[in-house]
Every structure is written in structure tokens, then in C-alpha cells.
Amino acid sequence: MQTDIVLFSELCDELFKAEINQPVVDHIPTSKLYEQLDLSLNENGLLDNELVNILKDIIAKTPKTASKRFFNQLFGGRIGKATLGDLLSVMFNNSMYTYKVAGPQVGIEKQVLRNISKLAGYDENANGTFAPGGSMSNLMALVMARDAKNEYIRSKGISRKMTLYTSEESHYSIAKNAALTGIGRDQVKLVKANEKGEMLVSHLIELIEVDINNGDVPFFVNATAGTTVLGAFDNIEEISAVCQSYNLWLHVDGAYCGGVIFSKKYKHLVDGLEKSDSFSVNAHKMLGTPLSCSIIVTKHKGQLYESFSNDAEYLYQTDGDDFNLGKTSLQCGRRNDALKIWTLWKSVGTSGLEKIVDKQFELAAYSRSYIINHKDYKLHSFEDSISVCFSYKDISAKDLCTSLYEKADLMVGFGKHNETEFVRMVTINTCLDKTDIDDFFIVLEAHVAENMLKKPVG
Ligand SMILES: *Cc1c(COP(=O)(O)O)cnc(C)c1O
């Protein structure tokens, strides 16, 4: 094992160098993947040095999400202390279901959940868990809401049509989860959004009224704190009033930008959060931990337990349910996702996490001002968002992003709102500085001049 740790450290050095020397790796067409890299699995094993050579090839060709040219997704960068925590959890290899096998790691997870609940404005009746991603956090919220509406569904199944509401800008996991839970995709009512991508509350009420008149059972509203494309925040205060009057569970999907709860300057974007029934946030997005680190908290700890506990004599043999976290989780065996956020939080403090969040908005504002001040660009996104959406010289966003990727210049993606397609640059990597943002535009403009504007000769 010791030699593998030395090897690991050596491979990390290789990766760090590659991130600087080739921040965007040469694109391998999928049809050439197995030719260009030896990914085969064979009867006989390899010697260490042969294995190392193959691993180095793989390092060279794997997309570099911590590089300064990666703006493609709702995560990016690498914060040392968070990575350290995650590496340690791999070494411990606990499973989070019981105190017996995870010990203090359970205390660490509970501490993070308690602090997140508090920041969400929930009281001591709150609890939560770590789910394998924001989609699964949303699934857990949906299950709790379903069971809160009708406690017999757990055993008998669904017998009446139940309807739920989410904006047309929300994450696709809401529809997928409706299918998984037996609620049905057709029961997901898409609420219209305004031009900024925020849910239209008047349309929400209309949809609910129609369903009630049809004899269906509305039970759940999903509000989004940071929509996946535009980074818009639904108005939780207004939506919670609707949920209260119709007795609906309100979940706030903060997978992308729920991290604003750490910022004095930006937490107003989730005003009313304390009135929600559940709230999820991906620490692997705004808070910069490695994937995955998804937290869901609910105001109703009893409901979390009711929906997710199951007896298992072979597993729960010591300590109380409070410390046997398998009684409130989606999975049985579960990796330790808490240590990375705890290690980061412990090292920089709550004020350090606030700085991480604020810097993303600062970088976004800086990017927007560049776009506004350069006439070849058009801005499609808004203030208070770390998704910076724009078009350049009326070039198709899809063509531009694909060309940047294939020529290994930049990793950035595109999105769509109201039939307009645009580049979506995400300023979520707090290891970047303003000069890196300048470089982004320099590289993009040079790329266009070089590859996309050349007139055919003759
Ligand atoms: C990213 C995202 C999710 C899904 O989170 P995963 O961890 O990728 O499953 C859900 N909702 C929103 C708004 C997101 O941006």
C-alpha cells in the first residue's frame, strides 16, 4: 500500500503539470477511444511500471475540470482542503449506516447537517442526510412529500392521481423522479417562467386550481434556487404562501446555488427559505468540494425517518437510531461524503465559505461587464447569477462551443431560453482570478478569428 501512495503522489504531479500545459485535452472521437488508449482488460495482469504508463496516458487524455479553461459545468476547480477530506474518507472506507462502523464520521455528518439546517432557518426538529447527488436529493424530497400527503402509499401504493408543480426552467430530475416514484411524468405540471427564468406564481395557482377541480391531489411544489441554465431564483416567499394555503410540500432545489445561504450579500435570493419543508444543496457545485457532496435537510425529521427507515436486524445492532444514519438515508452502504465539506468548513470557517460564494458572483459580474462593454457580444443572462449567458458575433453557440472543444481551446457549453441559444459560461471555480476571465475572452475571440470567420478563398 505504501508504494501505491507514493505512486499516487507521483501521478498527481503528472496531473498538475497536465492541467497547466494542456488545460483542454485533445478531443478523442468516441470511435477512436479504444484505439488511442489501452483500456482493455485481460487474462494476465501488468507490472507496476506498465500500469503506470497506461495511467499516465489516461491522465493526459482525461478532461481537466480543475484547469483554468473549464467553464462547462456547474462545478470546477479544486480546493485543497476539501480534496484532502475526500481522500481521507477513501482511506477510512467507512460506511455511514451505523455508528459502530463509522464512529466520529457520523458525528461529523450530523454536525454539517445541523449547521446547514440552521442556515436554512430550520429549528431543532430538522434533520437531513447526504444523498448521491442533487437528483437523488430531489427524489428524497418527493418521497417525503408523497408520504406526508398519504401515509399509506408506502405500503399500499398509489391509488389516486397526485400532481406536482415545478417551473419549466427546473432540473430534469423532477420529471424523472416522478416516474421513479410511481407518481408519473404526466402528473408533473410545468409552471411558466418569466423572461428572467423565475417561476410565474400566478400560473402556479392556475394549474393547482385546475387539478383540484378535476379531483386530483396536488401535493408538491419544487422551487429552484439557481436554475440550471440561467441561474435564476424562484420567489420562495410567494411560492410558500401558495403552498401554505393549498397544504403542499415545498421543496427548494438549491443544488446549483443553494450555497448562497452562506453569503450575507446574496442570501436574500432565498428569502423565505425557512418556510420551506425541505431544501437541498450540492456542496460540489458552489462550495467547491469534489463530487459528489449533496445535502438535503428537512424541517420534519419525523417524516425523514418515516419515509426512509427500515428494520434490519443484521445491520442495526448497537447505538440508537439517532446515530445509525442508515435509518434516514436512501442507500444502505453509503460512502462518506460529509468529511470533505467538514474539512473545508473547519479550515476556512463559515466566513471562508462566504468568500467562496461571493467570489463567484464577483467573477460573474466581471464577465458580464466585459460582455456589455464589447459590441460583438450580446448578454442573455441577468444580475445575481453565476451563469453568464451570451452570444458572440451571431455565431451559433452550438458550433462555437463544439469547435472550442474539438480544437482543445476551451471547455464551455451552451444553453437555451425562449428559443434563443447562447453560450453558458459558469464562473463557479473560485481558484480563478479576473485575469483568467480576461484570458477566456481572448482565447474565444482568437479562436473565432482563426477558425470560424475565414471566408472561402476565391
Ligand atoms: C445540478 C443540478 C441538479 C442535479 O444534481 P446532481 O448532483 O447532478 O444530481 C438538480 N437541480 C439543479 C437545479 C441542478 O443545477
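Residues numbered from 1 in each chain as written. Predicted model: local features only at pLDDT ≥ 70, side-chain atom pairs only at ≥ 80, totals over all residues. Heavy atoms only, no water.

### Comments concerning the sheet that holds strand β3 (residues 188-191)
The condition that has to hold: In this analysis, strands are considered paired if DSSP registers two or more bridges between them. To qualify as a helix, a DSSP run of H or I must reach at least 4 residues; to qualify as a strand, a run of E must reach at least 2; elements of each kind are numbered from the N terminus. Every angle, taken between N-to-C directions, lies between 0 and 180 degrees, and every axis is a line fitted to C-alpha atoms, over only the stretch in contact when it is a helix. Here, two residues are considered to be in contact whenever any of their heavy atoms come within 4.5 Å of each other.
Sheet architecture is open: seven strands sit in the order β1-β7-β6-β5-β4-β2-β3, paired in mixed fashion. Strands with a single pairing partner mark the edges of an open sheet, and in this sheet they are β1 (127-131) and β3. With strand direction ignored, the average angle separating the axes of adjacent strands in the sheet is 20°. In this sheet, strand β6 (residues 278-282) lies alongside strand β5 (residues 249-254) in parallel orientation, the contact comprising four bridges. Within β6, the residue paired with Val 252 across the bridge is Phe 279. On the sheet, helix α10 (residues 201-213) packs against β2 (162-167), β3 and β4 (217-224) and is oriented at approximately 150° with respect to β3. Those strands touched by helix α11 (residues 236-246) are β4 and β5, and its axis lies near 155° from that of β5.

### Topic: the sheet that holds strand β8 (residues 377-379)
An order of β8-β9-β11-β10 is seen for the four strands of this open sheet, with the pairing classed as antiparallel. Only two strands of the sheet have a single partner each, and these edge strands are β8 and β10 (413-417). In this sheet, neighbouring strand axes are inclined to one another by 45° on average, regardless of whether the strands run parallel or antiparallel. In this structure, strand β9 (residues 387-392) lies alongside strand β11 (residues 420-426), joined through four bridges in antiparallel fashion. Its bridge partner lying in β11, Ser 387 is registered against Val 426.

### Here we look at a nonpolar patch on the surface
Condition: Patches here: salt-bridge-free residues with over 30% relative accessible area, like charges joined within 9 Å, nonpolar side chains (Val, Leu, Ile, Met, Phe, Trp, Tyr) joined within 5 Å. Working definition of accessibility: Shrake-Rupley area with a 1.4 Å probe, residue cover restricted to the visible protein chains. Each salt bridge in this description consists of a side-chain nitrogen of Lys or Arg and a carboxyl oxygen of Asp or Glu lying within 4 Å of one another. Accessibility here uses a 1.4 Å probe with only protein chains present; expressed as a share of the type maximum, an area under 20% marks a residue as buried, one over 50% as exposed, and anything in between as partly exposed.
A contiguous nonpolar patch, built from Met 1, Ile 5, Leu 84, Leu 88, Met 91 and Phe 92 and spanning about 580 Å² of accessible area, is present on the exposed surface. Top element by residues in the nonpolar patch is helix α4 (residues 80-92). It accounts for four residues. In this fold, Phe 92 is placed in helix α4. A relative accessible area of 41% places Phe 92 in the partly exposed class.

### What about the environment of Asp 376?
Within the secondary structure layout, Asp 376 lies in the loop between α13 (338-372) and β8. Along the chain, Asp 376 and Tyr 165 lie 211 residues apart, while their C-alpha atoms are 39 Å from each other.

### Quick look at the environment of Ala 82
Within the element layout of this structure, Ala 82 appears in helix α4. Looking at Ala 82, the relative accessible area reads 0%, which means it is buried. In this structure the C-alpha to C-alpha distance between Ala 82 and Trp 345, which are 263 residues apart in sequence, comes to 8.4 Å. With residues near it in sequence (within four places) discarded, Ala 82 still touches Gly 288, Thr 289, Pro 290, Lys 340 and Leu 344.

### Looking at the packing of aromatic side chains
Ring pairs (aromatic) are described by centroid distance and by the angle formed between their planes. Spelled out, the test is: In summary, the pairing rule links any two rings of Phe, Tyr or Trp, Trp by its six-membered ring, whose centres are within 6.5 Å, and it sorts them by plane angle into stacked for under 30 degrees, edge-to-face for over 60 and tilted for everything else. Sitting over a ring, as applied to charges here, requires NZ of Lys or CZ of Arg to be within 6 Å of the ring centre and within 35 degrees of the ring normal.
Going through the model one piece at a time under the given rule, you end up with 14 aromatic pairs. Ring geometry for Phe 262 against Trp 345: centres 5.1 Å apart, planes inclined by 75°, an arrangement best described as edge-to-face. One end of the pair, Phe 262, is in the loop between β5 and β6; the other, Trp 345, is in helix α13, with 83 residues separating them in the sequence. For the pair Phe 262 and Trp 345, a shared accessibility class is recorded, and that class is buried. Measuring from centroid to centroid gives 4.6 Å for Tyr 377 and Tyr 392, while their planes differ by 40°, and the two rings are tilted. Residue Tyr 377 is located in strand β8, and its partner Tyr 392 is located in strand β9; the two are separated by 15 residues in the primary sequence. Each member of the pair, Tyr 377 as well as Tyr 392, is classed as buried. Through successive ring pairs, a cluster of aromatic residues spans Phe 71, Tyr 370, Tyr 377, Phe 390, Tyr 392, Phe 440 and Phe 441. Lying across the ring of Phe 323, Lys 110 places its NZ or CZ 4.6 Å from the centre.

### Brief notes about the nonpolar core
Convention followed: Residues grouped as a nonpolar core are buried Ala, Val, Leu, Ile, Met, Phe, Trp, Tyr and Cys residues, joined through side-chain atoms within 4.5 Å.
Within the largest apolar cluster, 83 residues are counted, with the highest numbers of intra-cluster contacts made by Phe 390 and Leu 444. By residue number, the principal contributor to this core is α13, which donates 13 residues. Discounting residues that sit within four places of it in the chain, Phe 390 has contacts with Ile 371, Tyr 377, Lys 378, Leu 379, His 380, Phe 422, Val 423, Met 425, Phe 440, Phe 441 and Leu 444. With 22 residues, the next largest nonpolar core counts Met 140, Met 162, Ile 174 and Phe 219 among its residues.

### Here's the deal with the pairing of β6
With five of five residues buried, β6 is to be regarded as a mostly interior element. Judged by which residues are buried, β6 turns out to be covered on both faces: Ser 278, Ser 280 and Asn 282 on one side and Phe 279 and Val 281 on the other are all buried. Strand direction decides the pairing type here: β6 and strand β7 (residues 294-298), joined by five bridges, are antiparallel. Residue pairing in the sheet places Ser 278 in a bridge with Thr 298 of β7.

### Description of the side chain of Arg 334
Where we set the bar: Throughout this description, a polar contact denotes any pair of N or O atoms lying within 3.5 Å of each other; where both atoms belong to protein, one of them has to be capable of donating a hydrogen while the other can accept it, and for residues adjacent in sequence the pair is counted only when both atoms sit in side chains.
When you line up the elements, Arg 334 lands in the loop between α12 (301-308) and α13. The exposure class of Arg 334 is buried, given its relative accessible area of 4%. Only 3.4 Å separates the side chain of Arg 334 from the backbone oxygen of Phe 130, close enough to count as a polar contact.

### Points about the pattern of salt bridges
Following the criterion strictly, the structure yields 16 salt bridges and no others. Here Asp 86 makes a salt bridge to Arg 335, at a shortest N to O gap of 3.3 Å. Taken as a pair, Asp 86 in helix α4 and Arg 335 in the loop between α12 and α13 lie far apart in primary sequence, 249 residues in all. Overall, Asp 86 belongs to the buried group, its relative accessible area being 10%.

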